[in-house]
Amino acid sequence: MIPSHPRSSTGPAGRFAPSPSGDLHLGNLRTALAAWGFARATGRRFLLRVEDLDRVQPGAAERNVADLRAVGLDWDGAVDHQSRRIPLFLDRVRELTAAGLTYECFCTRREIHAAASAPHGIPGAYPGTCRDLTDAERARRRRERPPAVRLRSGVREFTVHDRFAGEVTGAVDDMVLVRGDGTPAYNLAVVVDDAEQGVDQVVRGDDLLPSAPRQAYLAGLLGHPASRYAHVPLVLGPTGQRLAKRDGAVTLRELAELGYTAGDVVAWLGSSLGIEHPVRTAADVLEHWDPDTWTREPAVFEPWPPRAGGTTVTRDPGRRGRP
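On a predicted model such as this, the values are computed, not experimentally measured, just so you know. (Residues numbered from 1 in each chain as written. Predicted model: local features only at pLDDT ≥ 70, side-chain atom pairs only at ≥ 80, totals over all residues. Heavy atoms only, no water.)

## Remarks on the overall build of the protein chain
In step 1: Summing up its helical and strand segments, the protein chain has 10 helices and 12 strands in all.
In step 2: The buried share among the 323 residues of the protein chain stands at 51%.
In step 3: For the protein chain, the proportion of contacts with a sequence separation of at least 24, taken over those separated by at least 6, is 76%. (Helix = DSSP H or I, 4+ residues; strand = E, 2+ residues; numbered from the N terminus. Buried < 20%, exposed > 50% of the residue type's maximum accessible area, 1.4 Å probe, protein only. Contact = heavy atoms within 4.5 Å.)

And the structure:
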């Protein structure tokens, strides 16, 4: 374990960290509401961090912030941007390297996929092809392509505790820390960001639950305790697939064009979490906050019909998404 670094914040926090690759849909807003509620209900600060290392759509970050405000969320301090900490991410990798905990990797995605698909290969896991290259082999490969930097993991699996899933043991492979183009990878950036900002409570979609063990393991190597996790079920479209643009009006702006208000959206978000009381604002959700009563099943969104003239909704959208 390398030496720990002091956190730049003064108290524990939760966070929501959208990638500005497009507008937030109902599933994103639902996760944001859950993260905000968990932080506020436990006396933590709530931070908003834009994860803008890649896949940035011009104007998306500003629209994301506006949508979060529209549904009643607030946060402590200014909106943060992950890209401003790139030098810090690379410093942490240099420290891991000095401790003998990284190595250069020259594999292409095709080569990694082929190796993981071989008999006895672990799907999606890096098989360690470049782990033990000689100095001469590394020098030769550097002339062919710039290397990525991978973690030299000392374990095959790690266990974390999740608020809803309980004890979760997941695979830990030699994850990429820095990509071949020099960009810090997501698993590194999110761990360093959380540690630097004092985030000890991570609420996000349960599609990211498999990432928690590897991120907690990396946090430990960097001298930081694992976060408290709460992974909430996703929102699915009517076909049972993850909610997406193909499912119709799924963003705040699209629903507004059909005549629905932010209050209508919050009503659906609260109901989809399993909150039995009628809610119209984020403050209402917090007033009836009881995650023990939440549904553990994915929410299903069904397209909402247009409302004539954009008139006030007379009854709240139900859990399955029809007003």
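So, next bit.
## Details of helix α7 (residues 211-221)
Counting along an α-helix, one turn takes 3.6 residues, and residues three or four places apart therefore face a common direction.
In step 1: In terms of burial, α7 is a largely internal element, 10 of the 11 residues being buried.
In step 2: Looking at the residues trailing α7, positive phi occurs at Gly223, about 90 degrees.

## Quick word on empty space enclosed by the protein
In step 1: Applying the stated criterion across every chain, the model contains 2 cavities of 30 Å³ or more.
In step 2: Approximately 120 Å³ is the volume attributed to the largest cavity.
In step 3: Those elements that provide at least two residues to the lining of the largest cavity are α6 (186-197), β9 (199-205) and α7.
In step 4: Examining the composition of the lining of the largest cavity, we find that 4 residues originate from one element, α6, more than from any other.
In step 5: Residues that form the lining of the largest cavity fall into these classes: 10 nonpolar, 3 polar and 4 charged.
In step 6: The volume enclosed by the second largest cavity comes to roughly 30 Å³.
In step 7: Together, Arg30, Phe164, Val232, Pro233, Leu273, Trp294, Thr295 and Arg296 line the second largest cavity. (1 Å grid on protein atoms, 1.4 Å probe; cavity = no way out; pocket = protein on both sides within 12 Å on 5 of 7 lines; lining within 4 Å. Points joined across faces, edges and corners; volume = space filled by probe spheres on them. Nonpolar A, V, L, I, M, F, W, Y, C, P; charged D, E, K, R; others polar.)

## Details of helix α2 (residues 60-70)
In step 1: Along α2, the residues that are buried comprise Ala60, Ala61, Asn64, Val65, Asp67 and Leu68. Looking straight down α2, one finds that the buried residues subtend no more than 165 degrees of arc, so they occupy a single side. Exposed positions of α2 whose direction lies more than 90 degrees from the buried face are Glu62 and Arg69.
In step 2: Of the surrounding elements, those touching the buried residues of α2 are β1 (13-16), α1 (26-41), β2 (45-50) and α8 (252-257). (Arc of directions from axis to C-beta.)

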